[in-house]
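Okay, here's what each chain looks like letter by letter:
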Amino acid sequence: MTFAIDLALFALWIIWIMLIARIVLSFVFSFAHEWRPAGVSALLVESVYSVTDPLIKPLRRVIPPISIGAIRLDVAFLIVFIAVMALQSLLTVLRAQFA
C-alpha cells in the first residue's frame, strides 16, 4: 500500500513542478512578448502545457478568470494548485499511518 501512495505522491510532485513551471512561463510570456520558444525550449514549454492543460481547462470553462483592472486572476489555476497541495498533504498523512 505504501508503494501506491509513494507513486501517487511522486506523480503529484511532478504535477506540482509543472504547475510552478507554468507560472514562470506565464510571467515570461507576459513580460517578453516577442519571445517564442524554439528547439528544446519549445519541447519543454509544450510538455508543461500538455501536462497542466487537462487539469486547468475544464475548470476554466466553469470558473472564468477574474479581471481586476489590467490583471486577470486565473482562479482555475489556483484551485488546481491548492488541490494538488492538499492531496499531497493527505497522502503524506496516509503514508505515515500505513508505515
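Treat the numbers as computed from the prediction; the structure is a model and nothing was measured.

The final tally for this structure, using the stated rule, is five aromatic pairs. Aromatic side chains F27 and F31 sit 6.1 Å apart centroid to centroid with 10° between the ring planes, which places their arrangement in the stacked category. Highlighted residues: F27 and F31, both in helix α1 (residues 2-31), separated by four residues, approximately one helical turn. The class of F27 is partly exposed, set by a relative accessible area of 49%.

Now for the nonpolar core. I5, L9, L12, L19, I56, A76, F77, V80, F81, V84 and L91 form the largest nonpolar core, which has eleven residues in total. The set of elements that each furnish at least two residues to this core consists of α1 and α3 (75-98). The leading source of residues in this core is α3, at six residues.

Where helix α2 (residues 40-62) contacts α3, the axes come no closer than 8 Å and their chain directions differ by 130°. On the basis of their axis angle, the class for α2 and α3 is oblique. For the element pair α2 and α3, the recorded crossing hand is right-handed. Of the residues in α3, those touching α2 at L55, I56, L59 and R60 are A76, F77, I79 and V80. Residue composition of the contact of α2 with α3, grouped by class: seven nonpolar, no polar and one charged.

Calculation rules
Residues numbered from 1 in each chain as written. Predicted model: local features only at pLDDT ≥ 70, side-chain atom pairs only at ≥ 80, totals over all residues. Heavy atoms only, no water. Phe/Tyr/Trp six-rings, centres within 6.5 Å; stacked < 30°, edge-to-face > 60°. Helix = DSSP H or I, 4+ residues; strand = E, 2+ residues; numbered from the N terminus. Buried < 20%, exposed > 50% of the residue type's maximum accessible area, 1.4 Å probe, protein only. Core = buried A, V, L, I, M, F, W, Y, C linked by side-chain atoms within 4.5 Å. Axes fitted to C-alpha atoms, helices over the stretch in contact; angles between N-to-C directions. Parallel < 35°, antiparallel > 145°, perpendicular 65-115°, else oblique. Left-handed = near helix turned anticlockwise from the far one by under 90°. Contact = heavy atoms within 4.5 Å. Nonpolar A, V, L, I, M, F, W, Y, C, P; charged D, E, K, R; others polar.

Purely geometric numbers; function is a separate question.
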